[in-house]
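Read off the chains here:
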Amino acid sequence: MRAATTLAAGLLLAACAGRAAGELQVLGDPGGARRLLAEAAERGPVPLQVEDRPAWLGPERIAALAAEGVRGLAPRFAPQAPSGEGLRLVIAFSAAGPADRLCDAPPTPAAAREELQAAFCEGRHAVAAAAVDAAGLAPAATERLVWRLTARLFPDDYAETYGFDLFGWRVRLGGEVGF
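Reading the values: rules and limits
Residues numbered from 1 in each chain as written. Predicted model: local features only at pLDDT ≥ 70, side-chain atom pairs only at ≥ 80, totals over all residues. Heavy atoms only, no water. Helix = DSSP H or I, 4+ residues; strand = E, 2+ residues; numbered from the N terminus. Buried < 20%, exposed > 50% of the residue type's maximum accessible area, 1.4 Å probe, protein only. Contact = heavy atoms within 4.5 Å. Areas by Shrake-Rupley, 256 points an atom, 1.4 Å probe, with all protein chains shown as cover. Salt bridge = Lys/Arg side-chain N within 4 Å of Asp/Glu carboxyl O. Core = buried A, V, L, I, M, F, W, Y, C linked by side-chain atoms within 4.5 Å. Expected span 1.5 Å × (residues − 1). Phe/Tyr/Trp six-rings, centres within 6.5 Å; stacked < 30°, edge-to-face > 60°.

Caption draft 1: Structural detail: the overall build of the protein chain. In terms of helices and strands, the protein chain carries five helices and ten strands. The buried share among the 179 residues of the protein chain stands at 36%. Taking all contacts inside the protein chain whose residues are at least 6 apart in sequence as the whole, residues at least 24 apart take part in 64%. As displayed, the protein chain offers around 10500 Å² of accessible surface, 57% of which is attributable to carbon and sulfur atoms.

See the structure below:
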């Protein structure tokens, strides 16, 4: 009985703890988001909506950082006014609520900048969303988080696209380095 109580208390504590500091959380369908981004990027710049950005980080720089994180594609993001229509990338530097709700309505600013969120939206629906704790980070680290978020929202599909069949088995070569 004591072991079961201890196990239940441990599971409850783990559930309440949330994610670890600096851990990136991704929701939705990143593969689908990448396919939609590739199609949209062929037609021209993809709209970018930036919410509550730091004064030292301009919207054009955020657009460049977001594009830098997308490997294997060369999308261009164009900052625009908030909109609930069409495909767009939304990045919020401090928003209250889950990242997958960024597409619904303009996010409510949080009291402190503790989380960086991004969502790739199709209308008011989030195809994929990501969030990472960003409390107390230096400017350079905050910039890195922008491209880390877009790298996770639009993951590289090289292995799936260019792998080869070997006697009916899909063979892929690859590796990954994380920061």
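Continuing now.
Caption draft 2: The pattern of salt bridges, seen in detail. Applying the stated rule across the entire model yields three salt bridges. Between D29 and R35 there is a salt bridge, and its shortest N-O distance comes to 4.0 Å. Residue classification places D29 among the partly exposed positions, given a relative accessible area of 38%. For E143, the salt bridge is made with R61, and the minimal N-O distance between the two is 3.1 Å. Note that E143 is positioned in helix 4 (residues 139-153) and R61 in helix 3 (residues 59-68), a separation of 82 residues in sequence.

Caption draft 3: Inspection of the nonpolar core at higher detail. One finds F77, L89, I91, L116, F120, V146 and F154 to be the most contacted residues of the largest nonpolar core, which totals 33 residues. At the level of elements, helix 2 (30-43), strand 2 (46-51), helix 3, strand 4 (87-92), strand 7 (115-122), strand 8 (125-133) and helix 4 are the ones that each hand at least two residues to this core. Look past the residues within four positions of F77 in its chain and what remains in contact with it is L37, V46, L48, A63, A66, A67, L89 and F154. Counting eleven residues, the second-largest nonpolar core is a separate cluster that includes A95, A99, C121 and A129.

Caption draft 4: Examining helix 2 more closely. With 14 residues, helix 2 should cover 20 Å at 1.5 Å per step; its first-to-last C-alpha distance of 20 Å lies within 8% of that length. Those residues of helix 2 lying buried are P30, G32, A33, R34, L36, L37 and A40. Positive backbone phi, at 140 degrees, marks G44, one or two positions downstream of helix 2.

Caption draft 5: Main features of the packing of aromatic side chains. Taken as a whole and judged by the stated rule, the model has one aromatic pair. When the ring of F120 is compared with that of F154, the centres are 5.0 Å apart and the planes differ by 85 degrees; the resulting orientation is edge-to-face. Of this pair, F120 sits in strand 7 while F154 sits in the loop between helix 4 and helix 5 (158-162), placing them 34 residues apart in sequence. Judged by relative accessible area, which is 0%, F120 ranks as buried. By relative accessible area, F154 is classed as buried at 0%.

Caption draft 6: Layout of helix 3. For helix 3, the full list of buried residues reads I62, A63, L65, A66 and A67. Residues of helix 3 that are buried in the fold lie against strand 2, strand 3 (77-79), strand 4 and helix 4.

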